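Given next are the chains, with one letter for each unit.
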Amino acid sequence: MISDKMKEYVVGSSLIRAMFDDSKRLISIYGKENVYDFSLGNPCFPPPEEFKDTLKKIIDETDPMVVHGYMNNAGHESVREKIAESINKKFNTDYNAGNIIMTVGAAGGLNVIFKTLINPGDEIIAFSPYFGEYDSYTANVSAELVKVPPVLPGFEPDLEALEKSITPKTRIVIVNSPNNPTGVVYSEETIKEIAAILRRKEVEYGLPIYIFSDEPYRELAYDGVKVPYITKVYDDTIVGYSYSKSLSMAGERIGYLLIPDEASGADDIISAATVANRILGFVNAPSLFQLAIGECVDMKMDIDCYDRNRKALYGGLTDIGYECVKPEGAFYLFVKSPLADDIEFCEKAKEFGLVLVPGTAFDCPGYIRLAYCTAYETIEKSMPQFKKLWDSVQA
Ligand code: PLP
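Residues numbered from 1 in each chain as written. Predicted model: local features only at pLDDT ≥ 70, side-chain atom pairs only at ≥ 80, totals over all residues. Heavy atoms only, no water.

Brief notes about the pattern of salt bridges
So, point 1. Scanning the model with the defined rule gives 18 salt bridges in all.
So, point 2. Among the salt bridges present, the one from aspartate 223 reaches arginine 310, with a minimum N-O distance of 3.0 Å. Of this pair, aspartate 223 sits in the loop between β8 (210-215) and β9 (237-242) while arginine 310 sits in helix α12 (residues 304-320), placing them 87 residues apart in sequence.
So, point 3. Under the relative-accessibility criterion, arginine 310 is labelled buried at 1%.
So, point 4. Across the pair lysine 387 and aspartate 391 runs a salt bridge, and its minimum N-O distance is 3.0 Å. Here lysine 387 pairs with aspartate 391, and both are found in helix α14 (residues 376-393), just four residues apart, close to one helical turn. (Salt bridge = Lys/Arg side-chain N within 4 Å of Asp/Glu carboxyl O. Helix = DSSP H or I, 4+ residues; strand = E, 2+ residues; numbered from the N terminus. Buried < 20%, exposed > 50% of the residue type's maximum accessible area, 1.4 Å probe, protein only.)

Considerations on the site of the ligand
So, point 1. The environment of the ligand is formed by 14 residues, the closest being Asn180, Asp214, Tyr217, Ser242 and Arg253.
So, point 2. In the environment of the ligand, an oxygen atom lies 2.9 Å from a nitrogen or oxygen atom belonging to the backbone of alanine 107.
So, point 3. Here an oxygen atom of the ligand sits 2.7 Å away from a polar atom, N or O, in the side chain of asparagine 180.
So, point 4. Computed on the free molecule, the ligand has an accessible area of 400 Å², of which 92% lies beneath the protein chains in the complex.
So, point 5. When residues in the shell around the ligand are grouped by element, the largest group, three residues, is from helix α6 (residues 105-117).
So, point 6. Tallied by class, residues from the shell around the ligand come to six nonpolar, five polar and three charged. (Near = heavy atom within 4 Å. Polar contact = N/O pair within 3.5 Å; in protein donor to acceptor, adjacent residues only side chain to side chain. Areas by Shrake-Rupley, 256 points an atom, 1.4 Å probe, with all protein chains shown as cover. Nonpolar A, V, L, I, M, F, W, Y, C, P; charged D, E, K, R; others polar.)

Observations concerning the nonpolar core
So, point 1. In terms of nonpolar packing, the biggest core is built from 69 residues, with Leu162, Leu313, Leu356, Leu370 and Phe386 touching the most fellow members.
So, point 2. Considering each element in turn, this core owes the most residues, six residues, to α14.
So, point 3. Once residues lying within four places of it in the same chain are set aside, the contact partners of leucine 356 are Met19, Phe38, Phe345, Cys346, Ala349, Ile368, Arg369, Leu370 and Phe386.
So, point 4. Ranked by size, the runner-up nonpolar core spans 31 residues in total, among them Ile58, Val239, Leu258 and Met299. (Core = buried A, V, L, I, M, F, W, Y, C linked by side-chain atoms within 4.5 Å. Contact = heavy atoms within 4.5 Å.)

Observations regarding the side chain of asparagine 73
So, point 1. Mapped onto the elements of the fold, asparagine 73 is located in the loop between α4 (64-68) and α5 (77-91).
So, point 2. The class for asparagine 73 is buried, based on a relative accessible area of 19%.
So, point 3. Apart from the residues within four sequence positions on either side, asparagine 73 is in contact with Thr274, Asn277, Arg278, Val283 and Asn284.

Next comes the structure, spelled out in structure tokens:
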């Protein structure tokens with residue numbers, strides 16, 4: 001018999017995953033060529049060829065006991081050193097291997113840091129709309145997720161509401177930019193304003209309030225837009241990075257946490273997070289992929305393919321009449337649902353072979369999310385279907 005808590009999770013299981021699974025059902029009914037799946041943020045382009053060569057070289061040329069064995073729970077020291085050096089070069093910082101903990105993706109990093117910092121009943125703040133798994137990860141540590149609404153139509157966080165939401169129990173504010181699901185990138189000015197509020201509240205309550213900068217989409221920013229490095233603005237920042245999207249390896253589960261020395265209690269946090277990595281059962285991030293990342297630490301994917309998709313989808317949908325903020329990063333479009341009920345609209349979309357995710361999954365009913373990490377042809381061919389869907393719901 002499963003636990004009561006798991007019963008709840010199974011019932012309320014991810015709407016995104018449900019849509020992804022539903023696309024398989026639709027394919028069996030309508031055929032692959034007639035289903036346009038925009039549900040999951042699963043990159044459709046392969047990792048760079050050079051990455052594959054690096055993997056092979058490591059397997060052939062490195063001591064197998066190093067490649068396949070356990071190591072320090074924080075990860076291979078040589079890899080952590082290379083990552084720290086790479087960050088230092090990019091952002092003019094002064095980190096070393098001791099500030100880095102290799103994790104099982106950004107999701108692993110979030111769970112490690114929650115386990116490290118949170119007592120039952122503590123509060124974690126997220127800006128709506130947000131990655132729905134924050135709810136589950138918060139529940140994992142018996143904390144409360146406090147939601148701050150966006151300012152529409154641009155989906156910037158409502159800073160007055162942020163200030164009012166902070167209590168003596170607030171331990172973490174999650175900042176996710178470039179954002180899933182909106183594609184919005186927060187400006188340096190916005191980050192500075194958030195930092196100023198948190199500093200005031202830290203003084204008022206006499207306790208640190210950490211920003212957790214959830215950055216799986218850092219490398220996916222378009223039109224030359226800059227993604228501020230938050231540790232430079234606010235000392236109590238912990239960064240969670242992932243290679244899932246930036247190098248197209250979501251299934252390999254590899255990322256890292258950066259815990260700067262400037263963060264309050266940094267030494268304790270680094271030790272505790274290393275233990276959390278172990279006792280959560282991750283033990284350590286996958287060894288082979290750590291080593292490969294160490295060799296390819298500055299490798300970048302060409303994001304022109306996503307940019308082309310972004311322009312085609314945004315242009316095509318707004319020409320039809322759909323309303324949407326133009327995304328500057330990540331690979332998502334967050335579109336106003338033509339029907340007030342976003343879940344009903346997503347059900348209707350399936351009749352046209354379109355698999356979309358309701359905004360409800362991101363605490364933002366009345367919107368729908370489209371992941372454009374798809375083939376360009378999917379976008380091109382889906383346009384007549386989006387038009388038919390639009391016409392079908394006009395009064
Ligand atoms: N955070 C955000 C905002 C995400 O969108 C995702 C995945 O989609 C994650 C974290 C988890 O990423 P990873 O695959 O690196 O665990």
